[in-house]
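Listed below are the residues making up each chain.
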Amino acid sequence: MLPVVPLRPVAVRVLLVGLFLAGYVTAWRPARDWLSGHVVAPLLRQVDTPRAQPYRIDGTPERIVEIRRPGRSAPVATFMTPAGALFVVGGTLLLLLAPWHLYWLYLGLYQLLLGAGMLATLAVGVGWAEGGFVVYDFLRGTVYPGTSLAAPLVAYGLQARRDDASTDPASPDR
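Residues numbered from 1 in each chain as written. Predicted model: local features only at pLDDT ≥ 70, side-chain atom pairs only at ≥ 80, totals over all residues. Heavy atoms only, no water.

Caption draft 1: Seen up close, the sheet that holds strand β1 (residues 56–58). Pairing is antiparallel in the open sheet, where 3 strands are placed in the order β1-β2-β3. Of all strands in the sheet, those bounded by a partner on one side alone are β1 and β3 (77–79). Across the sheet, the axes of successive neighbouring strands diverge by a mean angle of 15 degrees, strand direction being ignored. Pairing analysis gives 3 bridges linking strand β2 (residues 65–68) to β3, with the strands arranged antiparallel. Paired with I67 across the two strands is A77, which belongs to β3. Helix α4 (residues 131–167) rests against β2 and β3 of the sheet, and its axis sits at about 50 degrees to β3. (Pairing = 2+ DSSP bridges. Helix = DSSP H or I, 4+ residues; strand = E, 2+ residues; numbered from the N terminus. Axes fitted to C-alpha atoms, helices over the stretch in contact; angles between N-to-C directions. Contact = heavy atoms within 4.5 Å.)

The following block contains the structure:
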């Protein structure tokens, strides 16, 4: 016989995930597009060094900022404002596992801070050194997805440990 699962906690989780997804689609996704096209691309165009002169920075379509060298069809780098699909996956997971904590918000803030760091490395790549593009590729291809997918599980695991320690009568915290 299957265990009986109380309906209310499941309904609350489903409601929170639905609100989260609706907020992402209706508010955050258009905001990400706007940030890429109207903030990130103009910031990168402001880099004014001799090295930056030949680069063409294109913010259209607004979701993707492409950095190109003259005469090359492939972009040197592309940038999308973070807190996209990986945020949705991680945030949904966190809302299902720990709906009463703001871990999903912390994940979004982390991704935005990492995005600011990635933007800084792109500016270095455009204006001063090719190494900026190398660091950006590492952050975008390895650090961002790896930590974005692992952070929800780590946060939940730490919270579960704290919860176990607070209910254990033999715990040194008691």
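Caption draft 2: Layout of the nonpolar core. By size, the foremost hydrophobic cluster in this structure holds 22 residues, and its most contacted members are L44, I67, F79, L122 and V126. For this core, the secondary structure elements donating two or more residues are α1 (7–45), β2, β3, α3 (103–127) and α4. When residues in this core are grouped by element, the largest group, 6 residues, is from α3. Beyond its immediate stretch of four places on either side in the chain, V126 contacts V47, T49, R51, A52, Y55, I57, I67 and F133. Within the second largest apolar cluster, 12 residues are counted, among which are A83, L94, L95 and A155. (Core = buried A, V, L, I, M, F, W, Y, C linked by side-chain atoms within 4.5 Å. Buried < 20%, exposed > 50% of the residue type's maximum accessible area, 1.4 Å probe, protein only.)

Caption draft 3: Looking closely at the packing of aromatic side chains. Taken as a whole and assessed by the stated rule, the structure comprises 5 aromatic pairs. Plain terms: the ring middles of F79 and Y136 are 6.4 Å apart, the flat faces sit at 40 degrees to each other, and that makes the pair tilted. Remark: Y136 occurs in helix α4 and F79 occurs in strand β3; sequence separation between them is 57 residues. Judged by relative accessible area, F79 falls into the buried class, the value being 3%. Overall, the relative accessible area of 1% leaves Y136 in the buried class. Here the aromatic cluster, defined as three or more aromatic residues joined through ring pairs, consists of F20, F87 and W104. (Phe/Tyr/Trp six-rings, centres within 6.5 Å; stacked < 30°, edge-to-face > 60°.)

Caption draft 4: Spotlight on the pattern of salt bridges. Per the stated rule, a full pass over the model turns up 5 salt bridges. Here R63 and D33 are joined by a salt bridge, their closest N and O atoms 2.9 Å apart. Pair noted here: R63 is in the loop between β1 and β2 and D33 is in helix α1, with a separation of 30 residues, a long-range link. When its relative accessible area of 16% is taken as the criterion, D33 is described as buried. A salt bridge links E130 to R69; its shortest N-O distance comes to 2.6 Å. With E130 in the loop between α3 and α4 and R69 in the loop between β2 and β3, this residue pair connects regions lying 61 residues apart in the sequence. The exposure class of E130 is partly exposed, given its relative accessible area of 35%. For R69, a relative accessible area of 22% gives the class partly exposed. A network of salt bridges, in which partner residues are shared, links R51, R69 and E130. (Salt bridge = Lys/Arg side-chain N within 4 Å of Asp/Glu carboxyl O.)

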